[in-house]
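What the coordinates show
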Amino acid sequence: MTWLWRICFSSLWLLPVWCANVQGTAVLTDSHDPGVRRKKDFSGVVVWLQPANTAAPVRSGARRFRMEQKDKHFKPHVLAIPVGATVDFPNQDPIFHNVFSNYNGQIFDLFLYRPNTTKEVVFKRPGIVRVFCNIHPTMSAVIAVLDTPWFAVSDVTGNFEMRDVPPGNYTLHIFHERATDETLNALVRPVTLDRAAQQVLGSIKISETGYIPAPHKDKWDKDYPPPIDDQPAYRPNQ
């Protein structure tokens, strides 16, 4: 791998420092998912570096992101954003959708909205947000809201890259939706970056052992009704 060192400005000290592009590869193991077993699809792993001794600085950059509803899927399926960012949820299907989250990352409900319209949410605190559609039970997504500017999501090959990371001591964190908390906690480790070393995180193996898929409830914590062929099966609040 080629390392790119560059000078950037640290908002911790407002001084120029050497920065690097930190690279690595996520490898999913012990999976029952067909995409992983047959296609070696290692996408959707969130990786981030948290400064070990100080609060993460606020770095300028993208503060607006996009999660589309297309072909009755959320695209991308996994999105990582910094705290305070806005996510747009455009409906690009010819049917109605109702994006919501009842989980502990951030609770929100965008209610029923038409094709070719969009709504937005500002994510104000860190956490893992599970996103669903109240009409289509097979639609799901994950938004990782992070209080650090240094994060990445793995691509299909498992490769990821965090750009412009200053030297210092960090804690490496991993999230994957089909890994248990115990597995993810075991992957947390210290990482040190400095000017002299070409720090590469290498291969990170994430086991899916212990993952048990389970259907989620609708936004009223009830079972979904049977599907009815792309009609807007929207029920008033019960």
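Quick look at the structure, then.

Reading the values: rules and limits
Residues numbered from 1 in each chain as written. Predicted model: local features only at pLDDT ≥ 70, side-chain atom pairs only at ≥ 80, totals over all residues. Heavy atoms only, no water. Pairing = 2+ DSSP bridges. Helix = DSSP H or I, 4+ residues; strand = E, 2+ residues; numbered from the N terminus. Axes fitted to C-alpha atoms, helices over the stretch in contact; angles between N-to-C directions. Buried < 20%, exposed > 50% of the residue type's maximum accessible area, 1.4 Å probe, protein only. Polar contact = N/O pair within 3.5 Å; in protein donor to acceptor, adjacent residues only side chain to side chain. Contact = heavy atoms within 4.5 Å. Salt bridge = Lys/Arg side-chain N within 4 Å of Asp/Glu carboxyl O. Phe/Tyr/Trp six-rings, centres within 6.5 Å; stacked < 30°, edge-to-face > 60°.

**Comments concerning the sheet that holds strand S17 (residues 189-193)**
Spatially, the four strands line up as an open sheet ordered S14-S3-S16-S17, and their pairing is antiparallel. Either end of the sheet is taken by a strand with one partner, and the two such strands are strand S14 (151-153) and S17. Looking at each pair of strands side by side, their axes are set apart by 25° on average, direction ignored. Inspection of the sheet shows strand S3 (residues 46-51) paired to strand S16 (residues 168-175) by six bridges, in the antiparallel sense.

**Focus: the side chain of Asn91**
Assignment of secondary structure puts Asn91 in the loop between strand S8 (86-90) and strand S9 (99-101). For Asn91, a relative accessible area of 1% gives the class buried. For Asn91, the side chain forms a polar contact with the main-chain oxygen of Arg114, separated by 3.2 Å. The residues touching Asn91, leaving out its near neighbours within four places in the chain, are Gln69, Phe96, His97, Tyr113, Arg114, Pro115, Asn116 and Thr117.

**Things to note about the sheet that holds strand S12 (residues 127-133)**
Strand order in the open sheet made by the five strands is S7-S13-S12-S9-S10, with mixed pairing throughout. The outermost strands of the open sheet, each flanked by one partner alone, are strand S7 (78-82) and strand S10 (108-109). Where S9 and S10 come together, two bridges link them in antiparallel fashion. Pairing of Ser101 across the sheet is with Phe108, part of S10.

**A closer look at the pattern of salt bridges**
Any two side chains of opposite charge can pair, so long as their charged atoms come close to each other. What the rule picks out here adds up to eight salt bridges. Between Lys219 and Asp109 there is a salt bridge, and its shortest N-O distance comes to 2.9 Å. Taken together, the positions of Lys219 in the segment after strand S18 (202-207) and Asp109 in strand S10 put the pair 110 residues apart, joining distant regions of the chain. A relative accessible area of 11% means that Lys219 is categorised as buried. The salt bridge partner of Glu161 is Arg163, with a shortest N-O separation of 3.3 Å. One salt-bridge network, in which partners are shared between bridges, spans Arg64, Asp88 and Glu120.

**Quick word on the side chain of His216**
Following the sequence through the fold, His216 ends up in the segment after S18. When its relative accessible area of 14% is taken as the criterion, His216 is described as buried. Here Pro137 takes part through its backbone oxygen, which lies 3.5 Å from a polar atom of the side chain of His216. Within the structure, His216 has its side chain in polar contact with the side chain of Tyr224 (distance 3.1 Å). Beyond its immediate sequence surroundings of up to four residues, His216 is in contact with Tyr103, Phe132, Pro137, Met139 and Tyr224.

**Regarding the environment of Asn116**
With respect to the helices, strands and loops of the structure, Asn116 is situated in the loop between S10 and strand S11 (118-122). Among the residues examined, Asn116 registers a relative accessible area of 73% and is labelled exposed. In this structure the C-alpha to C-alpha distance between Asn116 and Pro90, which are 26 residues apart in sequence, comes to 6.9 Å.

**A look at the packing of aromatic side chains**
In the structure shown here, the tally under the stated rule is four aromatic pairs. Here the aromatic rings of Phe89 and Phe108 are separated by 5.9 Å at their centres, their planes lie at 35°, and the arrangement is tilted. Here Phe89 is found in strand S8, whereas its partner Phe108 is found in strand S10, with 19 residues between them in sequence. Across the pair, Phe108 and Phe89 agree in class, each one buried. The interplanar angle of 90° and the centroid separation of 5.9 Å between the aromatic rings of Phe108 and Phe123 together place this pair among those described as edge-to-face. Highlighted residues: Phe108 in strand S10 and Phe123 in the loop between S11 and S12, separated in sequence by 15 residues. With a relative accessible area of 9%, Phe108 lands in the buried category. The exposure class of Phe123 is buried, given its relative accessible area of 0%.

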